[in-house]
Each structure stands twice: as structure tokens, then as C-alpha cells.
Amino acid sequence: MQVTAQNWPYPRWVAHRGAGKLAPENTLAAFRLGASFGYRMFECDVKLSADGVAFLLHDASLQRTSNGHGIAGEQAWSALAQLDAGSWHSRAFAGEPLPALDNIARFCLRNGYFLNIEIKPTPGQESLTGTVVAQQAARLWLGAVPPLLSSFRPEALMAAKAAQPELPRALLIDSLWSGWLESAQALGCVAIVANHALWDKASVARAKDAGFRTLSYTVNDEWAAQRLLDLGTDAVITDRVDLFPPAA
Ligand code: G3P
Ligand code: MG
């Protein structure tokens, strides 16, 4: 299907990095945990190994969320796939591997879950990452509801658009920088995903008037979620899969 702002298949609640902080972020274990709380859409961070495999990791460096060291994007997938991306979180998740995008695609497709792929390039690899992630996503999701591709990096979205223009894109913003709306238009985005504090009546109206869906990250308090619902925004990305029942 062609996802547009009018033809919008995604649910209102999105689990951040799989299951927020309850499981090691960006692992299949986190997705499974988020799903156990009823979540049907997930956000994850995707970058490239040195040999071009798209996989899940937030930071450029391996240090914080695995037993590896150095820049992940400088290492081959054969080495990255051996790492333990669970022990840093807790013993229950010891040995949990870094997932390739293929693994996550299979999990989502077989369960009918939706995905938001945040293209999180290793610095300097923005265009390459946008291109490869879009190509892999188009291949993996062929004939299914596609993942929403988002990024803070316009170059990555530009490359994704050039590679697979039919995949839906969203511009991530952490400030209302000059030209954010025009950039999202130029990138052919269907949505804006903003730091939730940026949304107010004026910014929501600007985005909606320009035809964009409005999403927020990372919403972990009930008052913040209620404010965003009252503003008429479309979806929130949360760590608190344990606090927010996704059907609500
Ligand atoms: O995609 C929304 C959110 O994940 C953006 O921030 O740093 O948690 O990836 P970050
Ligand atoms: Mg992210």
C-alpha cells in the first residue's frame, strides 16, 4: 500500500527502541517485551555495518549497549553479530544479539506489527545509510504495509527518497529550526516526528495545514501524553510500555 497522510495505517502508540528501558534497547527481546504489553508498532534505530548490513543500534559507538568497543559502522557484520547486546542491561538478557534489520522485519511481518525505522547513520554515512536502508526496506516489506522511515538527517531522507520514493518518510526534529516545514515538504515527507515539547497549538496547526501527520518522541509522562492528545496529534513514541496501554 501507499502510505500517505490521508491513508495512514499506523497506530497511536509506538514503543521506543522496542520496549523502552524494560529490556535492552533495539534488540528482538525488547520487541517481544513491547509486544507482550500489547504494542503493535515499534521504533528502532538503524545504521550500517562496514560491509553494508543494516542493523539496530542507537549510538555510533558500541560501548554503551554491548560488550563491543569502537565505532560500530567501521566493523563487519560477522563481528558485530557475535556481540552481547543484552548483558549491559541485566543478566536476564545476557547473550542477546544485535539484530539485523532482516530479523526485525521478519518478526514484524509475521506478527502483523508496524515499524518506524529511524535512520541513524554513523556520522559521515548519511546518504549511504538512507539509500541502503530504503533499498532493504523495500525488498523486505514488498507487498506489505511499509515501515515509516524517519531521520534527523535530511541527507539520509533525501537519499531514501531517491532510492525508493514510494516508502513513507518523516522528518525528526528536536527544535523548530528555520526551514523545518519547508525541508519536510521538499523531502516529500508524510509526517513530522518532533520532540514532544515542541508541539503547541501553533506548531501543530502549521504542520497539519501543510498536510503532515504529527508524531512525538519520547513521551513518558501521563500529563505529556494527555497534552499531545488534546492538541490533536497523531501518535506518541514512548519508553513506558508498562504505563500506557496501547489500545487506549
Ligand atoms: O525516533 C524517535 C526517537 O527515537 C529519536 O531520538 O535519540 O531516542 O533515537 P533517539
Ligand atoms: Mg530513535
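1. Brief notes about the overall build of the protein chain
Consideration 1: Secondary structure assignment for the protein chain yields eight helices and nine strands.
Consideration 2: Its C-alpha atoms give the protein chain a radius of gyration of 17 Å, near enough to 18 Å, the size a compact globule of 248 residues would have.
Consideration 3: Out of the 248 residues belonging to the protein chain, those deemed buried represent 55%.
Consideration 4: Partitioning the contacts of the protein chain with sequence separation of at least 6, the portion at a separation of at least 24 is 56%.
Consideration 5: In the form shown here, the protein chain has an accessible surface area of approximately 10200 Å², with 52% of it arising from carbon and sulfur atoms.
Consideration 6: With 21 positive and 23 negative side-chain charges, the protein chain shows a spacing of 4 Å between the two charge centroids.

2. Some details on the environment of G211
Consideration 1: Looking at where G211 falls in the secondary structure, it is placed in the loop between α7 (201–209) and β8 (213–217).
Consideration 2: On the basis of relative accessibility, which here comes to 34%, the residue G211 falls in the partly exposed class.
Consideration 3: It is 38 Å that separates the C-alpha atoms of G211 and A50, two residues lying 161 residues apart in sequence.

3. Digging into the packing of helix α1 (residues 28–36) against helix α3 (residues 101–111)
Consideration 1: Put simply, α1 and α3 touch, their axes get as near as 10 Å, and they point 20° apart. Looking at the two axes, α1 sits roughly parallel to α3. The handedness of the crossing between α1 and α3 is right-handed. Together, L28, F31, R32 and A35 of α1 and I104, F107 and C108 of α3 make up the contact between the two elements.

4. With respect to the site of ligand 1
Consideration 1: The immediate surroundings of ligand 1 are formed by H16, R17, E43, D45, H58, E118, K120, F152, L172, Y217 and I237.
Consideration 2: H58 has a polar side-chain atom sitting 2.7 Å from an oxygen atom of ligand 1.
Consideration 3: Contacts to ligand 1 include E118, whose side-chain N or O atom sits 2.8 Å from an oxygen atom.
Consideration 4: When the residues that make up the shell around ligand 1 are grouped by side-chain class, the tally is four nonpolar, two polar and five charged.

5. Comments concerning the coordination of the magnesium ion (ligand 2)
Consideration 1: The coordination sphere of the magnesium ion (ligand 2), as far as protein atoms go, consists of E43 (OE), D45 (OD) and E118 (OE), spread over 2.0 to 2.2 Å.
Consideration 2: Of note, the donors binding the magnesium ion (ligand 2) are all from one chain and are spaced E-x1-D-x72-E. Of this pair, D45 sits in strand β2 (residues 41–48) while E118 sits in strand β4 (residues 114–119), placing them 73 residues apart in sequence. Assigned by exposure class, D45 and E118 land together as buried.

6. Focus: empty space enclosed by the protein
Consideration 1: In total, this model carries two cavities of 30 Å³ or more according to the counting rule given.
Consideration 2: By volume, the largest cavity amounts to about 40 Å³.
Consideration 3: Around the largest cavity sit E25, N26, L56, L57, H58, T65, A85 and L98, which together line it.
Consideration 4: In the lining of the largest cavity, the residues fall into four nonpolar, three polar and one charged.
Consideration 5: If you trace the second largest cavity, you find it lined by R12, W13, L228, L229, T233, D234, A235 and V236.
Consideration 6: Elements that contribute at least two residues to the lining of the second largest cavity include exactly α8 (222–230) and β9 (235–238).

7. Brief notes about the pattern of salt bridges
Consideration 1: Inspection of the entire model under this criterion finds eleven salt bridges.
Consideration 2: Among the salt bridges present, the one from K120 reaches E118, with a minimum N-O distance of 2.8 Å.
Consideration 3: Judged by relative accessible area, which is 17%, K120 ranks as buried.
Consideration 4: Its salt-bridge partner being R153, residue E155 comes within 3.0 Å of it at the nearest N-O pair.

The rules we used
Residues numbered from 1 in each chain as written. Chains lettered and ligands numbered in written order. Predicted model: local features only at pLDDT ≥ 70, side-chain atom pairs only at ≥ 80, totals over all residues. Heavy atoms only, no water. Helix = DSSP H or I, 4+ residues; strand = E, 2+ residues; numbered from the N terminus. Rg over C-alpha atoms; globule rule 2.2 N^0.38 Å. Buried < 20%, exposed > 50% of the residue type's maximum accessible area, 1.4 Å probe, protein only. Contact = heavy atoms within 4.5 Å. Areas by Shrake-Rupley, 256 points an atom, 1.4 Å probe, with all protein chains shown as cover. Lys, Arg positive; Asp, Glu negative; His and termini not counted. Charge placed at Lys NZ, Arg CZ, Asp CG, Glu CD. Axes fitted to C-alpha atoms, helices over the stretch in contact; angles between N-to-C directions. Parallel < 35°, antiparallel > 145°, perpendicular 65-115°, else oblique. Left-handed = near helix turned anticlockwise from the far one by under 90°. Near = heavy atom within 4 Å. Polar contact = N/O pair within 3.5 Å; in protein donor to acceptor, adjacent residues only side chain to side chain. Nonpolar A, V, L, I, M, F, W, Y, C, P; charged D, E, K, R; others polar. Donors = N, O, S within 2.8 Å, 3.2 Å for Na, K, Ca; no water. 1 Å grid on protein atoms, 1.4 Å probe; cavity = no way out; pocket = protein on both sides within 12 Å on 5 of 7 lines; lining within 4 Å. Points joined across faces, edges and corners; volume = space filled by probe spheres on them. Salt bridge = Lys/Arg side-chain N within 4 Å of Asp/Glu carboxyl O.

Function-wise, these values are silent; they only describe arrangement.
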